[in-house]
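# Fold and geometry: a report
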Amino acid sequence: MKFTSTQDFTSLTELLKFYGDADEIVFKSHSSLNEADIAEACHNGRWTANRLRLRNGSKGVEDIVIGYGCRVVHEAWQVADGKIVFLGECLLHHKDGGAVIRVNSDATKSLAELMAQWADETERRWFSEEKIVEVVIAHELFHLLDHHSESRTASTLVELAAHAFARAMTELPFSPLLFNALLVRLATGKRTLIL
Ligand SMILES: [Zn+2]
């Protein structure tokens, strides 16, 4: 992935403060959904994470996924002339059989490289490629667990639940929506704070 535009970010402290709020508050600013629906999505995501943690202890997210018989594939792919970037996706019935989680290694690497320069020492561990990948896999794991209710065209509520789940599973001190916001900024050089 090549980023050509000059970056002009709001300070990272400001972004961390914004995305570090409770999921309910962050999501309210990202969607026009009502509070009760957002609260239910957050509850669903966190409840699923707690259940999984009770069952798996401190096992890493990728190991949990593999334990479910799902493969994790790391590969680079470009979508829509590099403007729309996805960190990952999951395929429930892959042609080779079984579920597959694809991690966009181009996107996770680019994001980690940027953040290695931008984040200070204490913040950096939340933006290592390893951490970003863990969060991406957790997000997709939620979709796999939740497949009975949604197809690949997941509704906004399912997306929010998946983000809440990933945050709880990885103990991220901010909403994973921050990663998406940073990616969009990287790809477009836009200055907007809210997607
Ligand atoms: Zn998703």
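These remarks concern the structure in this document.

### Concerning helix H7 (residues 156–170)
Between its first and last C-alpha atoms H7 spans 21 Å; for 15 residues at 1.5 Å apiece the expected length is 21 Å, and the two agree. Here H7 lies mainly inside the structure; 13 of its 15 residues are buried. Phi for Glu 171, located one or two positions after H7, is positive at around 55°.

### Focus on the nonpolar core
By size, the foremost hydrophobic cluster in this structure holds 47 residues, and its most contacted members are Ile 137, Ala 138 and Phe 165. Elements supplying a minimum of two residues to this core: helix H2 (23–30), helix H3 (35–56), helix H4 (61–67), strand E3 (100–104), helix H5 (105–118), helix H6 (129–145), H7 and helix H8 (177–188). The element that contributes the greatest number of residues to this core is H7, accounting for nine residues.

### Notes on the sheet that holds strand E1 (residues 71–75)
Reading across the sheet, the three strands line up as E1-E3-E2 and stay open at both edges, with mixed pairing between neighbours. The sheet is open, and its two edges are formed by E1 and strand E2 (88–91), each paired on a single side. On average, each strand axis in the sheet is tilted by 20° relative to the strand beside it, whichever way the strands run. When E1 meets E3, the two strands line up parallel, connected through five bridges. Its bridge partner lying in E3, Arg 71 is registered against Val 100. Sitting on the sheet, H5 touches E1 and E3, and the angle it makes with E3 is about 40°.

Calculation criteria
Residues numbered from 1 in each chain as written. Predicted model: local features only at pLDDT ≥ 70, side-chain atom pairs only at ≥ 80, totals over all residues. Helix = DSSP H or I, 4+ residues; strand = E, 2+ residues; numbered from the N terminus. Expected span 1.5 Å × (residues − 1). Buried ≥ 20, exposed ≤ 12 C-beta atoms within 10 Å, placed from the backbone. Core = buried A, V, L, I, M, F, W, Y, C linked by C-beta atoms within 7 Å. Pairing = 2+ DSSP bridges. Axes fitted to C-alpha atoms, helices over the stretch in contact; angles between N-to-C directions. Contact = placed C-beta atoms within 7 Å.

Note that all results are geometric; they support no functional claim without further evidence.
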